[in-house]
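Examining the three-dimensional arrangement
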Amino acid sequence: MLLRATNWKALLYLDEADLFIAGCNPNDLRRYALVSTFFHHLDDTEAFLLMTASWFEKLDPDIESRLSMTIALPAINFDSQKRIWKTWIRRLGNLTEQEELALHAYLDIWLEKAQEGQYTKMNGRQIRNCVAAASALALQENSTLTEWTFLTRKPCPIAAMFLSYMKSHFSTSYAIA
């Protein structure tokens, strides 16, 4: 793929490249082989490669020396997160304007206080998954999505508990779903 991207003068986009940025691990031979092969191809390419990763703090010096530029993006603040929540709620498309405004008010007032501010630390995917889960729960109950769906059915705490479980049982970031 790197050769094809070079020949076509194209940008190659590698999403979720956490496995590669964490570098080689001599205790994991399959991973070591995969990452070292990737490094070899990276050394020989003239392709323009854009990689995204969630675990920037684990950037291996071997990969860092092969990169022309790294950009670390700060965590999104709560106001930006609220805009993401509102975007995903609007994209549902099955709410009346009044229902949507009620959910927006809930987000503005109560979300930051809910579960000791736990939902102020969510990324875009987690927010999307929480809205999708709440919507599915409301649909299952033949009701519309309201703040009560979030309060009583608790789709966000379930997701947070799963993430906490994964972090406590797996020491490597690439094992987190």
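1. A few points about the overall build of the chain
Within the chain one finds nine helices and two strands. Each helix and strand of the chain, placed in order from N terminus to C terminus, yields the pattern α-β-α-α-β-α-α-α-α-α-α. Out of the 177 residues belonging to the chain, those deemed buried represent 31%. Considering only intrachain contacts with a sequence separation of at least 6, the fraction spanning at least 24 residues in the chain is 59%.

2. Notes on the packing of helix 5 (residues 78-92) against helix 7 (residues 124-140)
Remark: helix 5 packs on helix 7, axes separated minimally by 9 Å, with the N-to-C direction vectors making an angle of 40°. The angle between helix 5 and helix 7 falls in the class oblique. In the crossing of helix 5 with helix 7, the sense of the turn from one axis to the other is right-handed. Residues Gln81, Ile84, Trp85, Trp88, Ile89 and Leu92 of helix 5 touch helix 7, and the partners they reach there are Gly124, Ile127, Arg128, Cys130, Val131 and Ser135. Of the residues assigned to the contact of helix 5 with helix 7, the class counts are eight nonpolar, three polar and one charged.

3. Observations concerning a nonpolar patch on the surface
On the surface, a nonpolar cluster with roughly 440 Å² of combined accessible area is contributed by Leu11, Tyr13, Phe48 and Leu50. Taken together, the elements giving at least two residues each to the nonpolar patch come down to strand 1 (11-14) and strand 2 (48-51). Mapped onto the secondary structure, Tyr13 falls in strand 1. Classification of Tyr13 as partly exposed rests on a relative accessible area of 47%.

4. Looking at unusual backbone geometry
Despite not being glycine, Lys9 shows a phi value in the positive range, around 55°. Relative to the helices and strands, Lys9 resides in the loop between helix 1 (2-8) and strand 1. Judged by its relative accessible area of 77%, Lys9 falls in the exposed class. The backbone of Glu16 sits at a positive phi, close to 55°, despite the residue not being glycine. Along the chain, the position of Glu16 falls in the loop between strand 1 and helix 2 (18-21). Looking at Glu16, the relative accessible area reads 37%, which means it is partly exposed.

The rules behind these values
Residues numbered from 1 in each chain as written. Predicted model: local features only at pLDDT ≥ 70, side-chain atom pairs only at ≥ 80, totals over all residues. Heavy atoms only, no water. Helix = DSSP H or I, 4+ residues; strand = E, 2+ residues; numbered from the N terminus. Buried < 20%, exposed > 50% of the residue type's maximum accessible area, 1.4 Å probe, protein only. Contact = heavy atoms within 4.5 Å. Axes fitted to C-alpha atoms, helices over the stretch in contact; angles between N-to-C directions. Parallel < 35°, antiparallel > 145°, perpendicular 65-115°, else oblique. Left-handed = near helix turned anticlockwise from the far one by under 90°. Nonpolar A, V, L, I, M, F, W, Y, C, P; charged D, E, K, R; others polar. Patch = residues over 30% accessible without salt bridge, like charges linked within 9 Å, V, L, I, M, F, W, Y side chains within 5 Å. Areas by Shrake-Rupley, 256 points an atom, 1.4 Å probe, with all protein chains shown as cover. Salt bridge = Lys/Arg side-chain N within 4 Å of Asp/Glu carboxyl O.

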